[in-house]
Every structure is written in C-alpha cells, then in structure tokens.
Amino acid sequence: MRRARRKRNKSYPFFSQEFLIQNHADIVFSLVIFILIGLMFEATAKTAILFIQPQYNISTQSPEGEVTLYQYGWRDWATILFYFFITIILHAVVQEYILDKVNRRLHLSKSKNTKFNESGQLCVFHLVSSVWSFYILITEGYLFHPSSLWENYPHVHLRFQVKFFYLTQLAYWLHALPELYFQKVRKEEIPRQLQYICLYLLHVSAAYLLNLSRVGLVLLCLQYLSEMGFHIARMFYFTDESHQKMFDVWAVCFVFTRMVTLTLMFLAVGFGLARAENQGLDWDLGNFNTVLIRMTVLLLVCLTQSWLLWKFIRFQLRRWREFRHEQASRKRAAAKQTPRPLKRDSRESENGASPRPKKIKAP
C-alpha cells in the first residue's frame with residue numbers, strides 16, 4: 001500500500017532507504033499474510049496462533065456459566081508484534097486514502113502538512129480507543145460502581161476485551177516509534193513526539209503489569225477524549241486559521257480531565273488500595289500493593305499531570321500573545337487606510353482659491 005503522494009514513475013534499488021520508506025506497508029503486509037498462512041497447516045498452526053490470539057487463558061465457573069479469563073505473560077510479546085504489524089498497515093491506509101487526499105486539496109506548507117498528518121492519525125486512534133474503552137467500562141460495570149476500581153485487588157484475571165485492548169494499545173504506541181522514520185518526521189519534531197509516545201508506553205505498561213487495568217481504562221478513556229478534542233481543533237485551525245473557538249472548548253476539557261485524573265488516582269490508589277487487606281508484594285499472585293509502589297505510581301501520575309499543565313499554560317500564553325499581536329496589527333493597518341478629513345472653505349470649493357486667513361483680534 002504505497003503512499004499516494006510519491007512519484008510512481010521512479011523506482012529505487014531494493015532494500016535502499018527510500019525503497020523501505022515507500023514500501024514498508026507492503027513489506028509488513030507480506031509478513032502478516034505469512035503468519036496467517038501458518039494457520040492453514042497443522043505443523044505451524046500452534047506457532048501462528050501465538051501471534052494472533054491472546055495467550056494465558058483459563059476457564060472459571062461463574063453464575064453466568066463458564067467464563068474464559070486471561071492473565072499476562074512473556075508470550076504476549078508475540079501477540080503485540082502481530083498487531084504492531086497490523087497498526088502499521090492501518091496507518092498507511094489512513095494516510096493514503098484519507099489524509100493524502102485532504103492534503104492535496106488544502107495545499108498546506110510542509111510544516112503544517114506534517115502536523116496535519118500527525119493530528120489526523122491520532123484523531124482516528126483516539127476516537128476508536130475512547131469509544132472502545134468507554135464500551136468496556138459500560139459492559140464491565142466499572143463506570144457505575146467506582147469502588148470496583150480498587151476492590152478485590154489484584155485484578156489478575158482479565159476478560160478478553162480488556163486484555164486485547166491493552167495489547168493493541170501497546171502495539172500502537174510501539175508502532176509510532178518506527179513511523180517517525182517512515183514518515184520522515186523533521187528532526188525538530190522528533191523530541192516532542194518521542195516525549196508523548198514514551199509517556200503513553202510507560203503508563204499503559206504500568207497499568208497492565210501492576211494489575212491496575214481498571215483504573216487505567218478510566219484514565220485512558222478520559223485522556224483520549226481530551227486529546228481527540230485538541231487534534232480536531234488543530235486540524236480545523238490548519239484548514240482555516242480563523243477557527244480558534246474549538247481550542248477554547250478543548251481547554252475546558254483539558255482542565256477537567258486533569259482534575260478528574262488526579263482525584264481518581266488519589267481515591268483509588270491513595271485511599272482504596274491503602275485500606276485493602278492484602279498488603280504486601282507477591283509476584284506469584286500479582287499483588288503489588290505496597291507503600292513504595294503506591295507512592296511511586298502516584299508520584300509518576302502527579303509529575304505527568306504537572307508537566308501537561310505546564311505545557312498547557314505555555315500554549316495558552318503563546319495563543320494570547322499571538323492574538324494580541326494580531327489585534328495590534330489590524331489596528332495599525334486600519335489606521336493607515338483611514339484618510340484624514342480636510343477642512344476647506346466654501347469659496348475654495350467654488351473657484352479653487354485658497355481661503356483667506358482670518359484676522360485675529362487683539363485682546
């Protein structure tokens with residue numbers, strides 16, 4: 001699935017840098033087909049299923065009947081790798097069939113084009129992830145019973161949709177690292193994108209490995225909704241710079257998300273887990289409910305939220321300065337275009353002669 005904006009009449013040597021960049025989706029698609037073909041043969045089916053289906057499933061009895069639950073383990077890396085390939089293919093599909101077509105109509109500059117593509121890709125991902133996580137919160141009952149976020153910890157056994165959600169999240173954010181190379185992101189933009197990619201990987205991995213999957217689902221849903229609002233506002237701004245109101249709506253959602261995130265973390269980790277009976281560290285049971293780990297998790301979340309708030313304040317100050325500068329420029333331009341009124345005598349208007357100076361009476 002080659003990118004539509006490349007020159008199709010130009011070919012590059014095999015395995016050269018340009019060849020890999022332009023054909024990376026086709027190469028990955030071939031690997032996915034190779035794994036799927038492995039399901040057709042008995043000798044390779046057991047190996048191929050490791051890449052496609054989540055592992056470590058157990059069957060338990062419940063009032064609803066037999067239920068299949070899942071744990072995590074080192075074989076999850078095979079599943080993450082497979083969906084890592086899938087996300088690269090989907091990334092190329094969105095880029096070629098949606099974003100590239102929009103870019104050709106907008107005629108954006110190179111820098112705006114890069115940011116527009118970034119926001120477009122993240123908009124699609126945040127939309128799918130927020131709807132998916134909200135659906136899980138509803139079906140699992142976490143939204144209507146907030147105490148279930150910390151009760152019966154550790155939450156070692158996960159339903160299929162919960163484990164699959166976390167595996168795809170890790171696959172997406174891991175795929176974002178090579179996409180910096182495939183999309184030829186400018187060197188000035190790489191540190192900024194690496195920051196939020198690594199932060200997402202850190203937080204999603206911590207929630208998955210520390211068995212805080214329920215709290216993580218709520219926080220990810222809120223975060224993705226907030227980020228989706230920002231990227232939608234930025235895409236509208238690139239199409240027309242007069243669209244500024246959506247940034248104000250996003251600002252309200254951003255502050256609300258930060259408040260709810262901090263409140264929920266202190267409620268679930270700081271108070272809920274602190275009062276739980278099973279205190280201590282137990283690797284076999286997946287119990288990480290110790291004072292040190294709880295304080296580390298809270299510190300990590302607080303530092304991340306503080307950093308996001310600092311970036312938010314800087315962004316709002318920059319917008320305010322640009323708005324003031326634009327208003328001042330408009331006033332100066334309006335003042336230059338407005339002609340100064342000239343007072344002329346009626347006799348001057350009739351015969352063109354200059355008016356006589358008036359005599360000033362002495363005091």
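Residues numbered from 1 in each chain as written. Predicted model: local features only at pLDDT ≥ 70, side-chain atom pairs only at ≥ 80, totals over all residues. Heavy atoms only, no water.

The name an unreviewed UniProt entry gives the protein chain is Translocating chain-associated membrane protein, with Oncorhynchus mykiss as the organism. The protein chain has a UniProt comment under Subcellular location (unreviewed entry) that states "Membrane". UniProt lists a comment for the protein chain under the heading Sequence similarities (unreviewed entry), and it reads "Belongs to the TRAM family." (UniProt positions renumbered as here; feature names shortened; annotations may be inferred.)

### Comments concerning the side chain of S129
With respect to the helices, strands and loops of the structure, S129 is situated in helix α4 (residues 110-140). When sequence neighbours within four positions are dropped, the list of residues in contact with S129 reads F165, Q169 and Y224. (Helix = DSSP H or I, 4+ residues; strand = E, 2+ residues; numbered from the N terminus. Contact = heavy atoms within 4.5 Å.)

### What to know about the pattern of salt bridges
This structure, assessed with the given rule, holds seven salt bridges. Residue E118 is joined to R234 by a salt bridge in which the shortest nitrogen-to-oxygen separation is 3.2 Å. Highlighted residues: E118 in helix α4 and R234 in helix α7 (residues 213-239), separated in sequence by 116 residues. Across the pair, R234 and E118 agree in class, each one buried. Among the ionic contacts, a cluster of salt bridges with common partners joins E118, R186, E189, R192 and R234. (Salt bridge = Lys/Arg side-chain N within 4 Å of Asp/Glu carboxyl O. Buried < 20%, exposed > 50% of the residue type's maximum accessible area, 1.4 Å probe, protein only.)

### Remarks on the layout of surface pockets
Approximately 1,500 Å³ is the volume attributed to the largest pocket. Lining of the largest pocket is provided by 49 residues; of these, Y196, E227, F230, L308 and K311 occupy positions nearest its centre. Going through the elements one at a time, α4, α6 (190-209), α7, α8 (245-272) and α9 (291-337) are the ones with two or more residues in the lining of the largest pocket. Sorting elements by how many residues they give to the lining of the largest pocket places α9 first, with 15 residues. Along the lines of polarity and charge, the residues of the lining of the largest pocket split into 27 nonpolar, 10 polar and 12 charged. (1 Å grid on protein atoms, 1.4 Å probe; cavity = no way out; pocket = protein on both sides within 12 Å on 5 of 7 lines; lining within 4 Å. Points joined across faces, edges and corners; volume = space filled by probe spheres on them. Nonpolar A, V, L, I, M, F, W, Y, C, P; charged D, E, K, R; others polar.)

### Considering the packing of α4 against α6
Relative orientation of the contacting elements α4 and α6 amounts to 15°, with a least axis distance of 14 Å. Taken together, the axes of α4 and α6 are roughly parallel relative to one another. Pair α4 / α6 crosses with left-handed handedness. Within the contact between the two elements, α4 uses E118, L122 and H126 and α6 uses R192, Q193, Y196 and Y200. (Axes fitted to C-alpha atoms, helices over the stretch in contact; angles between N-to-C directions. Parallel < 35°, antiparallel > 145°, perpendicular 65-115°, else oblique. Left-handed = near helix turned anticlockwise from the far one by under 90°.)

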